[in-house]
Amino acid sequence: MNSVASLSSLTACLFLSMCLLSSPSSSSSLWGQKIHFGFRPCVWQLHPDTVVPPLRNLSVCMLLQRAYDTEWIAFVYKAPGSRHVELGLGGTGTQLVVWVFGQEWRLDLELNVLQWYSVCLTWSGGPNRLQVFLNGTMRSEASFANVIADQHLGHNGTLTLGMSHYVDASGAVKVEKGNNLIGAIGQFRMWSSDWNEEELGRRMCADGDVVSWDLRHWKHDCPLEKDASLHCAWSFFKVKMQTSLRRKRQPGNCSESLTNLTREWFETIFPQHISISDISVDSPVSPKCGVQILQQSRAVSATACNKCFSSEVTIKVDPADSVEVVQAYVAKRLVWTFSTDTLILTAEHNSIRVLPVESSSPVMTSAPPTVTLPGTTQRVPEQVANMSTTGNPLYVNVSAGTTQRVPEQVANMSTTGNPLCVTAAADVFLRAKLKLDFIGNASKPEKIIEHWLKKKLEAKGTSLIWNVLIVEVAWRNAKRLNIQTRFHEQFKQYTCDFHVQDYSMKHIEEIKYFINTTLTPQYANDSSVIQTTDMTLKQIFPPVCLEEVSVTIYGKYFWPETCPQVNQTMRCSKPSSKEAFRLCELHLENDTTSWAQPDMTNCSPIESISELENITVTTDNAAEVVDLIQNLVNSMLGNATQLPPSELHTVVEKLNQVVNVTTVTQELGDNIVRVFSDILISDTDVAPVAASILNLTDKMGNTMEFENESLSLTAPSLALSMIDVAPEGFNGLTFRAVSMSSFQEPNVLVNQSFEGKPIPAANATISLPSTLHNFLPPGQRNKTRVQFQFYGTQDLFQGPQTANATTRSDLMLNSYIVSASINGSHVSNLSDGERVVITLRHRKAKQNGDRMRCVFWDFQENGGLGGWSSLGCETWTLSPYQTRCLCEHLTHFAVLLDVSRTPISESHSHILNVLSYIGCGISALFLGITLLTYLAFEKLRRDYPSKILINLSAALLGLSLIFLLDSWLSSFYDYSLCIVTAATLHYFLLASFTWMALEAVHMHFALVKVFNTYVPAYILKFCAVGWGVPLAIVCLVLAIDKDAYGNTKETAVAAKSKITNEFCWLQNDIFFYVTVAAFVLLVLLCNATIFVVVLIQIRKTAANKKASTSSRSTMQDLRAVASLTVLLGLTWLVGFLTFGKGKVAMMYLFTIFNTLQGFFVFLFHCLMKENVRKQWRIHLCCGALRLADRSDWSATTGGHRRKENLINSSSTVKTSLRNTSESDTGMENQKGA
């Protein structure tokens, strides 16, 4: 049962377009149609395959209409090879002529022109008796003595309607010219029994068992016409069909009886007013359907699956409805496949026959009586229909002594063209309009009046009140009510319109009389008085709600033709045990009907995105479809990381249909935006539908309706802003978006002015100048829609130019995407003063050497797939974090980063950052030890090199500490603090390189330019240069532009966005290249030159050594080189070698050597120096490791202090280099002369 809806929906999709053509009851049934016989002869004959048996008793009925007052023939039946008429009907203007077995019988009955008559003939073979019935009443009876006893109708003869005929030598039926009928015939049927008047009454709308009113029994070349006056309302039908039974793929029990399966099928697909009374099932000889040989009278309880069986089901339609309507409805429902948990049943649609059969009781056909209301004498108006609700012509007594069939003209078509509700017990609808006087102190008189109406008119239980509309009117002169008005009571007047549905089956005038007498008397209670002052009652004929197939989020439902104010019920697709409801609603505004929204409270919606394909999006269900899509997408992404491509296409297609078929409201648009947001922040590959999504959002923004002047819709990674502007007084527009991350909703702002200055806090800003007013065509209310869009994800804009998983491009998107558009205008070729200004914040800070490029998304690139282009855009880099674009057109904008200039990948960058912090931490620790050692032991700092080393170590320690603290200080989001931090870092970097340069200068003076000259305040001058020059440079930068330092004003925003590479440092490229890059390069070049000179001097010194020590000179020289490299900072030169294929390796060497420079200073100038180790043992060690405070150091440095000169300094340097090369000891400090 649970699979009924899904399989039925699939089957209906295949058969819906042809069900009217393929269903036998709708295509071959002739009910509701007539044969038109004109002056041009045509042949309407019994089909040769329809065999008339040798009938001894028979009945024939038909509807007959004459168009001209001439002789006519209604039908003729002839035995094979015989020329005389065995059975026929004809006549003249005043007589009926009946032919029976060659005998002619005339009776005086006049059939008026252009009026329908029901004519029936019965023949009883025993008594040879003929009876003639006209309009359901027997009008004549005759016995034929000349007819042979037990005479029977010739077997398999020929029958024609509207003419006499003969059979030529070839067996073809030919027209006998003469008294052919000019008129129409309908509902011709033949039975194999002679029915009496009561029995014929039970078959007035039933098909014959020998010849039925079905095209299968006839062969013709005459025109058929539909006639609305031939509707025959009937309740009893027999459904005959062949059904194929097969098992589903999964194994299951198929032993259930076919009778029970058929009953379950019919009860599932038909509403409650169609009941099943009897089911008969026969099994065919063949297991395949289409075999017509059946085993008669053999009930089957099948136990095998995959077979075909034949069934006959008797149903009752209550209330009765037209035969053709029931036939079409039943046949249409039966072509839908029915499924249980294990079995599938499919009716062979060519075998379906829906036959009206005899009723269980006689059908009354008398006209309603004349009604005399109390106090009045009224004449019942003549009915304007010539057919009763049973399908029989009505009788009206026109004059005494005669009974004539008066053609009554009730139309059963409404003014809208829809059929009226024609049933066996059709309800009466009236529209009532009252004028009321009301006296009372009630706060809500309307409620009291409505309660009074329903209490009075619904008291008997035969009427219902609908659509009550009560309106207060201005007070006019009115009769004073026969009651004393109290001072606190108010007098008011109202008009009251409503509908009355009466199902008492009384005459319309009697119903009106009841309403009049019920509502006219004065009504009074303790708090109010109601008096009707005027009443208008009008009978209305509301049309039915036509049958409708609705494909909803709850499945596919077929709503049958339904009468007004009837709440139709259908079984839910899921669960099948529940029911859905839909009201055929009667409207007070125009007295017409329409289907209300179905009540699907008890039904469950579809549960997978793939089932959305079966839903037809309409204006009524668009909001439900979007809600369903949102729930399904959330559910699927809750269990998976992405949507499959097929389901993604289905979602986008259905949302496109929603935008195309309905007006997008604010709520609907917000839901659509959130659906796309959920998809974009997932791992779904949206590239195949990117163009569709962009076009959809653009169309939605241009057509969305909202109350205020502007509207913004935001969701994670997505924002849409719409604003309606007037061309007059347009001062420009500025849109900006701030996005903390792709998983948070961006904050957007639209300012109705042009803001050319960058907004540091915004991720994206786009400003439209006021000169664009020429591109603003007036729209609704002389305003034009301008739309902005912001995308916090790059998934929709993956062109072949940008780096992604499938391409290895040197370009990557380095910003979010922002767009602007003007509805109805294509903005392009703007001049310099009119260009659009876009400011975009970088997702990755611009590094030295990086190149930014402003681009726009060109939908025509790559064969219509779209791609990035820089045509018409000018790029201005404002800072490492912002770029400004000046473009001459409107579209989607972004910034591309040329990653070909990027030295390393993100992963390598992260590793190098970690190594930098580790190395600087180690260096800071050992530089601190070095400083403490030299400052604590006075004997170590007596010479120039030691004093220079102390200053160099202090500068390097400051550089390491500030570098380590920089990110932490930046996290305070204090712009001033960031400037101080950046300036301090800049200062210590310059100081470090300045002292490295002074170390080289001192070596140059000591080893190369050796002269015995005293330099007063030698170290003091070095200190002035070493600490003063960097200070002067930093102060100069601050004086020129203090904003050159810092992290830019978007530091706080960046930190909240979880960007981890924020760093307080120089932000201006010019200052960086002049005060850092150029300064460092100059120092390193000078130091490298002096380093080479010193190495040459060391080699000369080594050449003068004794031969006994020359074997160790190479190792000694290497140690001296390493010591000098650290002191002169030559490892920084590795940074200039980071290019080409080995750039990553060189970056790692650069980071390791330079961050560990402080450690190497400690290694070569503390740990490896003998005099430093001796001082540690003298002052820091105890026990056996402790040395006495006596050494060569005291002797060497004893005596009075002498003034140092460069000659002695040279001696110190030489001694240091020698000691470093000769042993593992450090350089020996010497006192100058």
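All values derive from a computational prediction rather than experimental measurement.

Engineer: Got a sec to walk through the overall build of the protein chain? Specific residues and values, please.
Structural biologist: Scanning the protein chain for helices and strands turns up 25 helices and 50 strands. Counting every position in the protein chain, which comprises 1233 residues, the buried fraction comes to 51%. Long-range contacts, defined here as pairs at least 24 residues apart, represent 73% of the contacts in the protein chain between residues at least 6 apart. With the model as given, the accessible surface of the protein chain reaches about 55,900 Å², and the carbon-plus-sulfur share is 54%.

Engineer: Tell me about the pattern of salt bridges, residues and numbers included.
Structural biologist: With the rule as written, the count across this model stands at 25 salt bridges. Salt-bridge contacts for Lys454 lead to Glu450; the nearest nitrogen and oxygen are separated by 3.4 Å. Separated by four residues within a single helix, Lys454 and Glu450 lie in helix α7 (residues 445-457), roughly one turn from each other. Exposure remark for Lys454: the relative accessible area of 32% places this residue in the partly exposed category. Between Asp1043 and Lys1042 there is a salt bridge whose closest N-O contact spans 3.3 Å. Assessed through its relative accessible area of 46%, Lys1042 is described here as partly exposed.

Engineer: Requested: an account of the sheet that holds strand β8 (residues 116-124), with residues and values cited.
Structural biologist: Ordered in space as β10-β9-β8-β3-β14-β1-β16, the seven strands form an open sheet in which the pairing is antiparallel. For this open sheet the edge positions go to β10 (137-143) and β16 (224-226), each flanked by a neighbour on one side alone. Averaged over all pairs of adjacent strands, the angle between their axes in this sheet comes to 30°, without regard to strand direction.

Engineer: Any details on the packing of aromatic side chains? Residues and values, ideally.
Structural biologist: Describing an aromatic ring pair means giving the distance of the ring centres and the angle of the ring planes. For the structure shown, the criterion picks out 37 aromatic pairs. With a centroid separation of 6.3 Å and an interplanar angle of 35°, the aromatic rings of Trp44 and Trp213 are classed as tilted. In this pair, Trp44 sits in strand β2 (residues 44-46) while Trp213 sits in the loop between α4 (197-201) and β15 (218-220), placing the two residues 169 residues apart along the sequence. On the basis of relative accessible area, Trp213 is assigned to the buried category, the value being 0%. These aromatic residues form a ring-pair network of at least three members: Trp265, Phe266, Phe270, Tyr329, Phe338 and Phe558. The ring of Trp195 is capped by Arg203, whose NZ or CZ atom sits 3.5 Å from the centre of that ring.

Engineer: I'd like a description of the packing of helix α22 (residues 1157-1167) against helix α23 (residues 1170-1179), backed by residues and values.
Structural biologist: Packing of α22 against α23 leaves a shortest axis separation of 6 Å and a crossing angle of 80°. It follows that α22 is roughly perpendicular to α23 by the angle criterion. Here α22 contributes Phe1162, His1165, Cys1166 and Leu1167 to the contact with α23, which in turn contributes Val1172, Arg1173 and Trp1176. The class makeup of the residues in the contact of α22 with α23 is five nonpolar, one polar and one charged.

Engineer: Provide a residue-level description of the confidence of the model for the protein chain, including the pertinent values.
Structural biologist: For the protein chain, the mean per-residue pLDDT works out to 79, and 79% of the residues sit at or above 70. Residue range residues 1-26 is modelled with pLDDT below 50. Its contacts to residues more than four positions away, or to other chains, number 62 contacts. Low confidence marks residues 291-303, where pLDDT is under 50. Its contacts with residues over four positions away, or in another chain, come to 29 contacts.

Engineer: Give me the lowdown on the side chain of Thr734, citing residues and values where you can.
Structural biologist: With respect to the element layout, Thr734 can be found in strand β37 (residues 733-738). Here Ser753 takes part through its backbone oxygen, which lies 2.7 Å from a polar atom of the side chain of Thr734. Within the structure, Thr734 has its side chain in polar contact with the side chain of Ser767 (distance 3.3 Å). Residues contacting Thr734, with those up to four places away along its chain left out, are Leu749, Val750, Asn751, Ser753, Phe754, Glu755, Thr765, Ile766 and Ser767.

Engineer: Let's hear about the pairing of strand β42 (residues 817-822): which residues, and what values?
Structural biologist: Among the six residues that make up β42, six are buried, leaving the element largely enclosed by the rest of the structure. Judged by which residues are buried, β42 turns out to be covered on both faces: Ile817, Ser819 and Ser821 on one side and Val818, Ala820 and Ile822 on the other are all buried.

Engineer: Outline the nonpolar core, supporting the account with residue identities and numerical values.
Structural biologist: Counting 87 residues, the largest nonpolar core has Phe75, Leu89, Leu161, Phe188, Trp218, Phe266 and Leu334 as its most contacted members. With sequence-adjacent residues up to four places away left out, Phe266 is seen in contact with Val239, Met241, Ile276, Val313, Ile315 and Leu334.

Engineer: Run through the state of the cysteines, naming residues and quoting values.
Structural biologist: Enumeration according to the criterion identifies eight disulfides in this entry. Residue Cys205 pairs covalently with Cys232 via a disulfide, S to S 1.5 Å. Its S-S torsion of approximately -65° makes the covalent link between Cys205 and Cys232 left-handed. Here the residue Cys205 occupies a position in the loop between α4 and β15, and Cys232 occupies one in the loop between β16 and β17 (233-247), the gap between them amounting to 27 residues. Per residue, the accessibility class of Cys205 equals that of Cys232, and both read buried. One disulfide bridge connects Cys545 with Cys584, the sulfur atoms lying 2.1 Å from each other. Classification of the bridge connecting Cys545 and Cys584 rests on its S-S torsion, roughly 90°, and on that basis the disulfide is right-handed.

Engineer: Can you tell me about the packing of helix α15 (residues 944-970) against helix α17 (residues 1018-1040), naming the residues and giving the values?
Structural biologist: It is the contact of α15 with α17, at a shortest axis distance of 11 Å, that shows an interaxial angle of 20°. Here α17 runs roughly parallel to α15, going by the angle between their axes. When the axes of α15 and α17 are compared, the crossing they make is right-handed. Of α17, the residues touching α15 (which contributes Tyr944, Lys947, Ile948, Asn951, Ala954 and Ala955) are Tyr1018, Ile1019, Phe1022, Cys1023 and Trp1027.

Engineer: So what about the environment of Asp502? Which residues, and what values?
Structural biologist: For Asp502, the location among the structural elements is in strand β27 (residues 490-502). Those residues in contact with Asp502, other than ones at most four positions away along the chain, are Asp427, Val428, Thr462, Ser463 and Ile511. Of the polar contacts made by the side chain of Asp502, one reaches the side chain of Ser463; its length is 2.9 Å. At a separation of 2.5 Å, a polar atom in the side chain of Asp502 contacts the side chain of Ser504.

Engineer: Could you give an account of the environment of Tyr934, with specific residues and numbers?
Structural biologist: Secondary-structure assignment places Tyr934 in helix α14 (residues 906-936). Overall, Tyr934 belongs to the buried group, its relative accessible area being 1%. Distance from Tyr934 to Lys947, taken between C-alpha atoms, is 8.7 Å for residues 13 residues apart in sequence. Setting aside residues up to four positions removed in sequence, Tyr934 forms contacts with Leu940, Arg941, Ser946, Leu949, Ile950, His1165, Cys1166, Lys1169 and Val1172.

Engineer: Residue-level account of a nonpolar patch on the surface, with values.
Structural biologist: Together, Val914, Ile918 and Ile922 make up an exposed nonpolar region whose accessible area comes to about 220 Å². Looking at the secondary structure, you find Ile922 in helix α14. The exposure class assigned to Ile922 is partly exposed, which follows from its relative accessible area of 33%.

Engineer: An account of the pairing of strand β9 (residues 129-134) is requested, with residue identities and associated values reported.
Structural biologist: The buried fraction of β9 amounts to five of the six residues, a majority that puts the element mostly inside the structure. As defined by bridge partners, β8 adjoins β9 across six bridges and the pair is classed as antiparallel. Along β9, the bridge assignment pairs Thr122 with Gln131. Between the antiparallel neighbours β8 and β9 lie four residues, among them Asn128 with a positive phi of about 55°. Sheet topology note: the β9/β10 ladder contains six bridges and is antiparallel. Paired with Phe133 across the bridge in β10 is Met138. Between the antiparallel neighbours β9 and β10 lie two residues, among them Asn135 with a positive phi of about 55°.

Engineer: Break down the side chain of Thr1151 for me, citing the residues and quoting the values.
Structural biologist: Summarising the element assignment, Thr1151 is placed in helix α21 (residues 1143-1155). At 2.9 Å, the side chain of Thr1151 and the backbone oxygen of Met1147 are in polar contact. What Thr1151 contacts, discounting residues up to four positions off in sequence, is Leu912, Leu915 and Ser916.

Engineer: Give a description of the sheet that holds strand β46 (residues 873-879) that names residues and reports values.
Structural biologist: Two pairing modes exist for strands in a sheet, parallel and antiparallel, and in both the strands are linked by backbone hydrogen bonds. In space, the six strands of this open sheet follow the order β38-β37-β39-β43-β47-β46, with antiparallel pairing throughout. Each edge of the sheet is formed by a strand with only one pairing partner; in this case those strands are β38 (747-751) and β46. Across the sheet, the mean angle separating the axes of adjacent strands is 15° when strand polarity is ignored. As judged from the five bridges shared by β37 and β38, these two strands associate in the antiparallel manner. Its bridge partner being in β38, Arg736 is matched across the sheet by Leu749.

Cut-offs used in this document
Each chain carries its own residue numbering, running from 1 in the written order of its sequence. Note on the predicted model: pLDDT of at least 70 is required for a residue's local features to be given, and 80 or more for side-chain atom pairs to be given and counted; whole-chain, interface and lining totals, by contrast, use all residues. Excluded from the side-chain calculations are hydrogens and water; all other atoms, namely the structure's heavy atoms, are used. Only runs of H or I of at least four residues qualify as helices and only runs of E of at least two qualify as strands under DSSP, and these elements are numbered from the N terminus. Throughout, exposure labels follow a simple rule: accessible area from a 1.4 Å probe, protein chains only, divided by the maximum for the residue type, with under 20% read as buried, over 50% as exposed, and the rest as partly exposed. By definition, residues are in contact when any of their heavy atoms lie within 4.5 Å. Only the protein chains shown count as cover for residues, and all accessible areas are computed by the Shrake-Rupley method using a 1.4 Å probe. For this document, the term salt bridge refers to a Lys or Arg side-chain nitrogen within 4 Å of an Asp or Glu carboxyl oxygen. For two strands to be treated as a pair, DSSP must find no fewer than two bridges joining them. Axis lines are fitted through C-alpha atoms, for helices just across the contact stretch, and the angle between N-to-C directions can take any value from 0 to 180 degrees. Each pair of aromatic rings taken from Phe, Tyr and Trp, with Trp reduced to its six-membered ring, is defined by centres within 6.5 Å and is described as stacked if the planes are under 30 degrees apart, edge-to-face if over 60, and tilted in the remaining cases. Should the NZ of a Lys or the CZ of an Arg lie within 6 Å of a ring centre and within 35 degrees of the ring normal, that charge is described as sitting over the ring. Small angles under 35 degrees read as roughly parallel and large ones over 145 as roughly antiparallel, with 65 to 115 read as roughly perpendicular and the rest as oblique. Gly falls in the polar group here, along with every residue not listed as nonpolar (Ala, Val, Leu, Ile, Met, Phe, Trp, Tyr, Cys, Pro) or charged (Asp, Glu, Lys, Arg). What pLDDT reports is the predictor's confidence in each residue, on a scale of 0 through 100. Any pair of N or O atoms that falls within 3.5 Å is considered a polar contact. Within protein, one atom must be able to donate a hydrogen and the other to accept it, and sequence-neighbouring residues count only if both atoms are side-chain atoms. For this analysis, a nonpolar core means a set of buried residues of the types Ala, Val, Leu, Ile, Met, Phe, Trp, Tyr and Cys, connected via side-chain atoms within 4.5 Å. Disulfides are defined as pairs of cysteine sulfur atoms found within 2.5 Å of each other. For any helix crossing, the convention is left-handed if the near helix is rotated counterclockwise from the far helix by under a right angle, and right-handed if that rotation is clockwise. What makes a patch is a set of residues exposed beyond 30% relative accessible area and free of salt bridges, joined within 9 Å when like-charged and within 5 Å when nonpolar (Val, Leu, Ile, Met, Phe, Trp, Tyr).

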